[in-house]
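# Secondary and tertiary structure notes
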Amino acid sequence: MLQTRNMLSGSSYTRLYVGCFRVTLMDTSLPRRANPEIVYEICREMKGADEFTRNEVYEEVSGKTRDLRRGLTLARRLGFLRAVDSGTDDVFRLTTRGTGLGYQSSYEGNGTVEELFREAIEEFRPYREILVRAHEGNATSEVMGDTCVTQSAFREAAGSVIDDEVKDREVNLLIKTAQAAGLGEYRTGKRGYETRLILSDDYAPFVESLSREHPSPTAATDRTTDSERETAAETEGAASGDSSDSSDVTISVELDVGDRTSEEIAAIVDEIRHVTDE
């Protein structure tokens, strides 16, 4: 049985039950070492293509291969493009958001570009929840006369969202993405001051709207723990001999698909079915 349900605000989890072992796959990691402007360059160069390969991006978009590779990853995570189900992860197609970005004639100071990146932040659960947590925790401070959120403040907020240790380079990319969304200015740390986001007038209204639409999941850990306990109880029941047929063993797979398109979700489901049918 395939079941989709909401477990965290704004997130969907696809669960497939086929036996008594439980595997959890949750991509809550933060992207790193990328540049939002490269996302724009990729979308701009590839906007006329129905589908395109990774190598075509390397050939047609200016920049180092390493930077373009990271840009592709960021573009996918933020919903500007998606991987095409072609048996490889090297074929892509722009989403509606990516196409809209590609048709913009400029990057900096472009209101449409900023709005598209705001949409991306709202849909990308880790970024959205970090901004909400930072806002609800009154993480703003004043540095050299500017109202800002520092790298360490964002990292602390991220620590309540991300299980793994949050790296500075991951926070820096969050700040750069917020800058692309017109929420402030990325300021590199120097002279004893931290790297930070100097807040624009749009920052507070935007994050307050996120907080209203997607309240901070303060009980997320407790809810996940309760879910795991329920699943463990089900597992113990199956293992204790509720069924004498070994084919009744249940495997539970949870996928965080909060930042996936409907096409990507369908591809994931089809792949799971293909594997379990073998």
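### A closer look at the overall build of the protein
Counting its regular elements, the protein contains 11 helices and 11 strands. Counting across all 278 residues of the protein, residues that qualify as buried make up 43%. For the protein, contacts bridging at least 24 residues in sequence account for 65% of all contacts bridging at least 6. Split by element, the accessible area of the protein, about 14400 Å² in all, is 43% carbon and sulfur.

### Brief notes about the pairing of strand β7 (residues 140-143)
In this sheet, strand β8 (residues 146-150) lies alongside β7 in antiparallel orientation, the contact comprising four bridges. Bridged to S141 within β8 is C148.

### Details of the sheet that holds strand β9 (residues 184-187)
One key point about sheets: their strands pair by backbone hydrogen bonds, in either a parallel or an antiparallel sense. The four strands are arranged β7-β8-β10-β9 in an open sheet whose pairing can be described as antiparallel. Looking at which strands have only one partner, the edges of the open sheet turn out to be β7 and β9. Each adjacent strand pair in this sheet contributes to an overall mean axis angle of 40°, direction not counted. Bridge analysis of β9 against strand β10 (residues 196-199) gives four bridges, and the strand direction is antiparallel. Across the sheet, G184 pairs through a bridge with L199, a residue of β10. Lying over the sheet, helix α7 (residues 151-159) contacts β8 and β10, oriented at roughly 40° with respect to β8.

### Examining unusual backbone geometry
The backbone phi angle of N138 is positive, close to 50°, even though this residue is not glycine. By secondary structure assignment, the location of N138 is in the loop between α6 (125-136) and β7. In the Ramachandran plot, R191 falls in the positive-phi region, its phi being about 55° despite a non-glycine side chain. Tracing the backbone shows R191 in the loop between β9 and β10.

### Here we look at the packing of α6 against helix α9 (residues 203-213)
Where α6 meets α9, the closest approach of the two axes is 9 Å, and the angle between their N-to-C directions is 105°. Between α6 and α9, the crossing angle belongs to the class labelled roughly perpendicular. Only Y203, F206, V207, E208, L210 and S211 of α9 make contact with α6, whose side of the interface consists of R128, L131, V132, H135 and E136. Of the residues contributing to the contact of α6 with α9, the split by class is six nonpolar, two polar and three charged.

### Digging into helix α1 (residues 36-46)
Listing the buried residues of α1 in full gives P36, I38, V39, Y40, I42, C43 and M46. A distance of 2.9 Å separates the backbone nitrogen of E37 from a side-chain oxygen at the start of α1, and that oxygen is part of N35.

### Comments concerning the sheet that holds strand β5 (residues 81-83)
If you trace the three strands from one edge of the open sheet to the other, you get β4-β6-β5, paired in antiparallel fashion. Strands at the two margins of the open sheet, each flanked by one partner only, are β4 (52-53) and β5. Two elements, β5 and strand β6 (residues 91-94), share three bridges in a ladder whose sense is antiparallel. Within β6, the residue paired with A83 across the bridge is F92.

### Observations regarding the nonpolar core
Counting 58 residues, the largest nonpolar core has I42, F80, L101, F117, L131, F154 and Y203 as the members making the most contacts within it. Setting aside anything within four residues of it in sequence, one finds F80 in contact with V39, C43, A75, L94, T95, R97, G98, L101, L116, F117 and A120.

### Regarding the side chain of R128
If you trace the backbone, R128 turns up in helix α6. For the buried residue R128, which engages in no salt bridge, the nearest side chain bearing the opposite charge is E129, 4.3 Å off. Polar contacts involving the side chain of R128 include one to the main-chain carbonyl oxygen of E122, which spans 2.6 Å.

### A short note on α7
For α7, the set of buried residues is Q151, A153, F154, A157 and A158. Down the axis, α7 shows its buried residues gathered within 165° of arc, on one side only.

### Some remarks on the pattern of salt bridges
One pass over the structure, following the stated rule, counts 12 salt bridges. Among the salt bridges present, the one from E170 reaches R32, with a minimum N-O distance of 2.6 Å. Of this pair, E170 sits in helix α8 (residues 168-180) while R32 is found in the loop between β3 (20-25) and α1, placing the two residues 138 residues apart along the sequence. Taking relative accessible area as the criterion, R32 reaches 36% and is therefore assigned partly exposed. As a salt-bridge pair, D90 and R54 come within 2.8 Å of each other at their nearest N and O atoms. Placement of the pair is D90 in the loop between β5 and β6 and R54 in helix α2 (residues 54-60), with a sequence separation of 36 residues. D90 gets classed as partly exposed once you look at its relative accessible area, which sits at 30%. One connected set of salt bridges, linked through shared partners, spans D50, E51 and R93.

Reading the values: rules and limits
- Residues numbered from 1 in each chain as written.
- Predicted model: local features only at pLDDT ≥ 70, side-chain atom pairs only at ≥ 80, totals over all residues.
- Heavy atoms only, no water.
- Helix = DSSP H or I, 4+ residues; strand = E, 2+ residues; numbered from the N terminus.
- Buried < 20%, exposed > 50% of the residue type's maximum accessible area, 1.4 Å probe, protein only.
- Contact = heavy atoms within 4.5 Å.
- Areas by Shrake-Rupley, 256 points an atom, 1.4 Å probe, with all protein chains shown as cover.
- Pairing = 2+ DSSP bridges.
- Axes fitted to C-alpha atoms, helices over the stretch in contact; angles between N-to-C directions.
- Parallel < 35°, antiparallel > 145°, perpendicular 65-115°, else oblique.
- Nonpolar A, V, L, I, M, F, W, Y, C, P; charged D, E, K, R; others polar.
- Polar contact = N/O pair within 3.5 Å; in protein donor to acceptor, adjacent residues only side chain to side chain.
- Core = buried A, V, L, I, M, F, W, Y, C linked by side-chain atoms within 4.5 Å.
- Lys, Arg positive; Asp, Glu negative; His and termini not counted.
- Salt bridge = Lys/Arg side-chain N within 4 Å of Asp/Glu carboxyl O.
- Arc of directions from axis to C-beta.

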